[in-house]
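One letter stands for each residue in the lines below.
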Amino acid sequence: MTNKSATDLAPAPRRRGRPARATAPLAREELVQRAFSAFAAQGYEAVTLRQLAADCGVSDSLLSHHFGSKQQLWIEAADSVFAPLLAELLALLESLTAGQDLVAALRCNLREALRLMARQPEAVAFMFREGEGDDERGRHLRQRYVQPYTRRIDVLFAEAQAQGRLRRVSPVARHALVMGLMRMIAIPGVLKEPIAACRCDPAAMAAVIDDVVVILFDGQLQEASPVPVAGPVPT
């Protein structure tokens, strides 16, 4: 048997510092996205920093260090999704109305905006679950993201109504119908099975949205005002 030297038998020296993590910690943007998903699925009151930290593999003190409070984390999570979403919706609306007949543009915008929101059910669920409360969070969503868009839509519809192209349907009625469809897509309730089937089939969802546009928009047309064929959606 080979004799081992004292050097061979000595334990390996310990490395200084904390043991290396098995995986790299999540970036701040990933923490915000995880938080957004949790708030969308469970609601603000049901989410705790302790549970969220455990799900993210970090300490709750780290979340508090980065974001200060659950309320501040909620605001950053909401802004990270809804600021670019509002910008995209407004850019779509302005590009359409700048390039074609107003009524045709509004009809096309309704279809494309609904399709865009249908592709983001988590954001829609967040908007309805968190935006309905009469608290700072609900007001934040409504005043910063919902109302700027609906006010711009109202101005354009009022212009088309003044031209005699559209019936004078109240903005409240119009928004209630559109928001009702959006809520159903994200939180289907008693229509859970048929909506779930549509959410798994983009073509089926697009067909549902097209049917809704016919009902919601074409019902507002004055009889003597046919809608010109809309051009392609700008890219």
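What comes next is a walk through the structure. Here the residue numbers are simple positions, counted from 1 along each chain's written sequence. With pLDDT at 70 or above as the cut-off, local features in this predicted model cover only qualifying residues; side-chain atom pairs require 80 or more to be listed or tallied, and sums for whole chains, interfaces and linings still use all residues. Only hydrogens and water are set aside when side-chain values are computed; all heavy atoms of the structure are taken into account.

**Examining the packing of aromatic side chains**
Formally: In this scheme Phe, Tyr and Trp rings, the latter by its six-membered ring, pair at centre separations within 6.5 Å, and the angle between planes marks the pair as stacked below 30 degrees, edge-to-face above 60, and tilted otherwise. For helices the rule is a DSSP run of H or I covering at least 4 residues; for strands it is a run of E covering at least 2, with both sets numbered from the N terminus onward. By definition, being over a ring means that NZ of Lys or CZ of Arg is both within 6 Å of the ring centre and within 35 degrees of the ring normal.
Taken as a whole and assessed by the stated rule, the structure comprises 7 aromatic pairs. A ring pair is formed by Phe36 and Phe82, whose centres lie 6.0 Å apart and whose planes are at 55 degrees; its orientation type is tilted. Here the residue Phe36 occupies a position in helix H2 (residues 28–42), and Phe82 occupies one in helix H5 (residues 70–99), the gap between them amounting to 46 residues. Grouped by ring-pair contacts, the aromatic residues Phe36, Trp74, Phe82, Phe126 and Tyr145 constitute a single cluster. Its guanidinium or amino end placed over the ring of Tyr44, Arg137 lies 3.7 Å from that ring's centre, counting from NZ or CZ. Positioned over the ring face of Phe157 is Arg174, at 4.0 Å from the centre of the ring.

**Brief notes about the nonpolar core**
The following threshold applies: To define a nonpolar core, start from buried Ala, Val, Leu, Ile, Met, Phe, Trp, Tyr and Cys residues and group those joined through side-chain atoms within 4.5 Å. Note on exposure labels: buried denotes an accessible area under 20% of the residue type's maximum, exposed denotes more than 50%, and partly exposed covers the range between, all computed with a 1.4 Å probe on protein chains only.
Of all hydrophobic cores here, the largest spans 63 residues; its most connected members are Phe82, Leu106, Phe126 and Phe217. Counting residues per element, this core draws most heavily on H5, at 11 residues.

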